[in-house]
Amino acid sequence: MKRLAFSLMVLVFLSGCAGVPLSDSPFQRITRAQPKDVYPVAVQARLVPTDSHVPSSLAPEASEVREAACRGLSFAPRFRCVRMNDAGKLLEKPDYAVQIEYDLIDERSFLSRRFIRFVLVSGGDREPDEGDDVGDADYAVRWSFRVLKSGEAKPVFQSVSRDEGVDTWSFDVEQWMERYFSE
């Protein structure tokens, strides 16, 4: 029940955020620099272990992260994911590349959002690991992305890192890709 309530709260929060325009986004930077109707984009994803890295079967595969980002971009009419063959080679030349770096992290640190949520919701009357589902554990997917113009090394845009629960990371990636790449 708490998971459902939390998921609904996140959905309401994201819905509210969608109404507030971003002050800076890849959409704004790209369309100002190179006005076009459609921008082909290559999405690349890779696992980049951090200090909080947790080896686990819960970690998404790079192809899953790429697919989630492309689903989000499919809702942004001016950006289109370029197709790839089975070997992972691009079938067309992109104007831009979106490089997503992600990691599965352990959120059991004292200052983690999960611990703070635990204290606020439960009043701190139980141990953090007591009764947690294995699938929800204390793990989150941390991800960020940068946008590069094809053939250039300096990013056009760099996002902040986001941490999202193992069971909701895909939704998070889709929603933020759509938001960052839409008007």
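Just so it is clear, the structure is predicted and the values come from calculations on it, not from any experiment. (Residues numbered from 1 in each chain as written. Predicted model: local features only at pLDDT ≥ 70, side-chain atom pairs only at ≥ 80, totals over all residues. Heavy atoms only, no water.)

Here helix α5 (residues 169-180) contains 12 residues, and its C-alpha end-to-end distance of 16 Å stays within 8% of the 16 Å for a straight helix at 1.5 Å per residue. The buried fraction of α5 is high, at nine of 12 residues. (Helix = DSSP H or I, 4+ residues; strand = E, 2+ residues; numbered from the N terminus. Expected span 1.5 Å × (residues − 1). Buried < 20%, exposed > 50% of the residue type's maximum accessible area, 1.4 Å probe, protein only.)

Moving on, we get to the environment of alanine 45. As for its placement among the helices and strands, alanine 45 is situated in strand β1 (residues 39-47). Along the backbone, alanine 45 and arginine 66 are 21 residues apart, and their C-alpha atoms lie at a distance of 5.7 Å. Apart from the residues lying within four places of it in its own chain, the contact partners of alanine 45 are Ala62, Val65, Arg66, Ile100 and Tyr102. (Contact = heavy atoms within 4.5 Å.)

Where strand β4 (residues 139-149) lies against strand β5 (residues 155-158), three bridges are found, and the strand directions are antiparallel. Bridged to valine 147 within β5 is phenylalanine 157. Hairpin connection, β4 to β5: the antiparallel pair is bridged by five residues, and glycine 151 has positive phi, about 85°. (Pairing = 2+ DSSP bridges.)

Moving on: the state of the cysteines. Applying the stated rule across the entire model yields one disulfide. Residue cysteine 70 pairs covalently with cysteine 81 via a disulfide, S to S 2.0 Å. Where cysteine 70 bonds to cysteine 81 through sulfur, the torsion about that S-S bond is close to -90°, and the disulfide is left-handed. Of the two residues, cysteine 70 sits in helix α3 (residues 62-73) while cysteine 81 sits in strand β2 (residues 79-81), which places them 11 residues apart along the sequence. Each member of the pair, cysteine 70 as well as cysteine 81, carries the same accessibility label: buried. (Disulfide = S-S within 2.5 Å.)

Applying the stated criterion across every chain yields a total of seven salt bridges. Between glutamate 101 and arginine 46 there is a salt bridge whose closest N-O contact spans 2.8 Å. In this pair, glutamate 101 sits in strand β3 (residues 96-106) while arginine 46 sits in strand β1, placing the two residues 55 residues apart along the sequence. Taking relative accessible area as the criterion, arginine 46 reaches 48% and is therefore assigned partly exposed. Beyond isolated ion pairs, a larger network of salt bridges with shared partners links Arg46, Glu101 and Arg146. (Salt bridge = Lys/Arg side-chain N within 4 Å of Asp/Glu carboxyl O.)

This paragraph deals with the packing of aromatic side chains. How two aromatic rings sit relative to each other is set out by the distance from centre to centre and by the angle between their planes. Enumeration over the complete set of coordinates arrives at nine aromatic pairs. Centre to centre, the rings of tyrosine 39 and tyrosine 96 are 6.3 Å apart; their planes meet at 65°, and the pair counts as edge-to-face. Residue tyrosine 39 is located in strand β1, and its partner tyrosine 96 is located in strand β3; the two are separated by 57 residues in the primary sequence. The pair formed by tyrosine 39 and tyrosine 96 is uniform in burial state, with each residue classed as buried. (Phe/Tyr/Trp six-rings, centres within 6.5 Å; stacked < 30°, edge-to-face > 60°.)

Time to look at the pairing of β1. Note: β1 against β2, three bridges, orientation parallel. Each bridged residue has a counterpart across the sheet, and for valine 41 the counterpart in β2 is cysteine 81. Strand direction decides the pairing type here: β1 and β3, joined by seven bridges, are parallel. For valine 41, the partnering residue across the bridge sits in β3 and is tyrosine 96.

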